[in-house]
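Okay, here's what each chain looks like letter by letter:
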Amino acid sequence: MKNAIKSYGSSDILHKLENKDSLFLCAIASTRISRIPGITGAGATPELTDYTPAADVELVLNGKPQCLPDIAKTIVDGVPTPTPAVITKASVELADIPFLVADAGAAVKPNLPYFKINEEPGGNIKMGKAVKNSKDIFDRGVMLGRTLSKLTDHLVIGESTPAGTTTALGVLTAMGYDVDHKISGSTPENPHKLKHQLVEDGLQAAGFSAGELSSRPFEAVNAVGDPMIPAVAGIAVGSSVPVTLAGGTQMMAVCAIISEAAPDFNFDNLAVATTIFVAEDKNADINYISRQIAGTTVFAVDPEFERSESGLKNYTTGSVKEGVGAGGAMMAAILKGIDVGDIRRKTEDICRRML
């Protein structure tokens, strides 16, 4: 089964996680820049991206979104590409993994029980005022991580934050990492120029230059980040069990915050798990970034969507790629003995019912 998990570093942590009880937590958040046309594909229109995080977790837990009449999707050549929440739903159901939700600052709140870490969504990074209270968000995340890790052997943390790759670019740039054209995106044509211009404008508005905040992680988030980043970083730091950060290049920003905010953190107990669509994205390089941050290990799962007859095939040509912890959810399921082919077939079944 583990052959379905590709490692881009040490695979030692997999031995700690195999057949362990896992708990999945999805942190949801919003940032105003998701409304900029062309910045993200995480919604049918820029305006609907505010609803995407709530709709995603409602789909996983309730079987359908309640804040929207239909599941979140991206239209590619007239074909709907479903939200990666369908992959996460298939994975956690097959492996019987508990799924919980934390609000890190979602514009629209989901109609289900959730942990409240932060109420207010992120602002417009172009103004250099993205998050008001990232240190407080981090500290509340630490509290939640301490509690949740008492309930499981393995904590998997995913996220749903439309335009989160742009805010991740902002944080990593502010902290001095080499991320030029290395951050992934949810569209086939990654709008690198637009993203870099937003970050440059935001840092200038905040009075900083690239790299100036290398040892001031929370100032980096406050200027050009989003509230999900400190929330997930805090949860991971607070955990007393191994943590899998289930996501793409957004999780590199989380790792950067952890590295500076908690210098004694043991990265041997942390991995990043994503989909093969992010790990082998020709317009980005998550593995190059990971080598700059405490040698963080990246794992990737290939659901073999080229075999699919539905809009899932669009993932193989660069649409969506990752989200709602899809890669980490698949990895956790595989480590419990679930075949990746079964995950794909169940995902297709969910899509047929939803679309």
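Worth saying up front: this structure is predicted, and the values here are computed from it rather than measured. (Residues numbered from 1 in each chain as written. Predicted model: local features only at pLDDT ≥ 70, side-chain atom pairs only at ≥ 80, totals over all residues. Heavy atoms only, no water.)

Visitor: Please provide a residue-by-residue account of the overall build of the protein chain, values included.
Guide: The helix and strand inventory of the protein chain stands at 13 helices and ten strands. Referenced to the eigenvectors of the C-alpha coordinate spread, the extents of the protein chain come out at roughly 50 × 45 × 40 Å. In the protein chain, which comprises 355 residues, the share counted as buried stands at 62%. Counted over contacts in the protein chain with a minimum sequence separation of 6, partners at least 24 positions apart contribute 79%. As displayed, the protein chain offers around 13,100 Å² of accessible surface, 48% of which is attributable to carbon and sulfur atoms. Here the protein chain contributes 33 positive and 41 negative side-chain charges, whose respective centroids are spaced 2 Å apart. (Helix = DSSP H or I, 4+ residues; strand = E, 2+ residues; numbered from the N terminus. Buried < 20%, exposed > 50% of the residue type's maximum accessible area, 1.4 Å probe, protein only. Contact = heavy atoms within 4.5 Å. Areas by Shrake-Rupley, 256 points an atom, 1.4 Å probe, with all protein chains shown as cover. Lys, Arg positive; Asp, Glu negative; His and termini not counted. Charge placed at Lys NZ, Arg CZ, Asp CG, Glu CD.)

Visitor: Please provide a residue-by-residue account of the packing of helix H5 (residues 164–174) against helix H6 (residues 192–206), values included.
Guide: Packing of H5 against H6 brings their axes to within 9 Å, and their N-to-C directions diverge by 50°. By the angle between their directions, the pair H5 and H6 is classed as oblique. In the crossing of H5 with H6, the sense of the turn from one axis to the other is right-handed. Across the interface between the two elements, Thr165, Thr166, Leu169, Gly170, Thr173 and Ala174 from H5 touch Lys195, His196, Leu198, Val199 and Leu203 from H6. (Axes fitted to C-alpha atoms, helices over the stretch in contact; angles between N-to-C directions. Parallel < 35°, antiparallel > 145°, perpendicular 65-115°, else oblique. Left-handed = near helix turned anticlockwise from the far one by under 90°.)

Visitor: Go over the layout of surface pockets with me, naming the residues and quoting the values.
Guide: Roughly 270 Å³ of internal volume is contained in the largest pocket. As for the largest pocket, its lining consists of 16 residues, of which Phe277, Glu280, Tyr315, Thr316 and Gly318 are closest to the centre. The space that makes up the second largest pocket amounts to roughly 160 Å³. Lining the second largest pocket are Asn118, Glu120, Pro121, Gly122, Gly123, Lys129, Ala130, Val131, Lys132, Asn133 and Pro227. Of the residues contributing to the lining of the second largest pocket, the split by class is four nonpolar, four polar and three charged. (1 Å grid on protein atoms, 1.4 Å probe; cavity = no way out; pocket = protein on both sides within 12 Å on 5 of 7 lines; lining within 4 Å. Points joined across faces, edges and corners; volume = space filled by probe spheres on them. Nonpolar A, V, L, I, M, F, W, Y, C, P; charged D, E, K, R; others polar.)

Visitor: Tell me about helix H2 (residues 52–62), and name the residues and values.
Guide: The buried fraction of H2 is high, at nine of eleven residues. Within the sequence span of H2, burial applies to Thr52, Pro53, Ala54, Ala55, Asp56, Val57, Glu58, Leu59 and Val60. Among the structural elements, strand S2 (22–29), helix H3 (85–95), strand S5 (99–105) and strand S7 (154–160) are those in contact with the buried residues of H2. The first or second residue beyond H2 is Gly63, which carries a positive phi of 90°.

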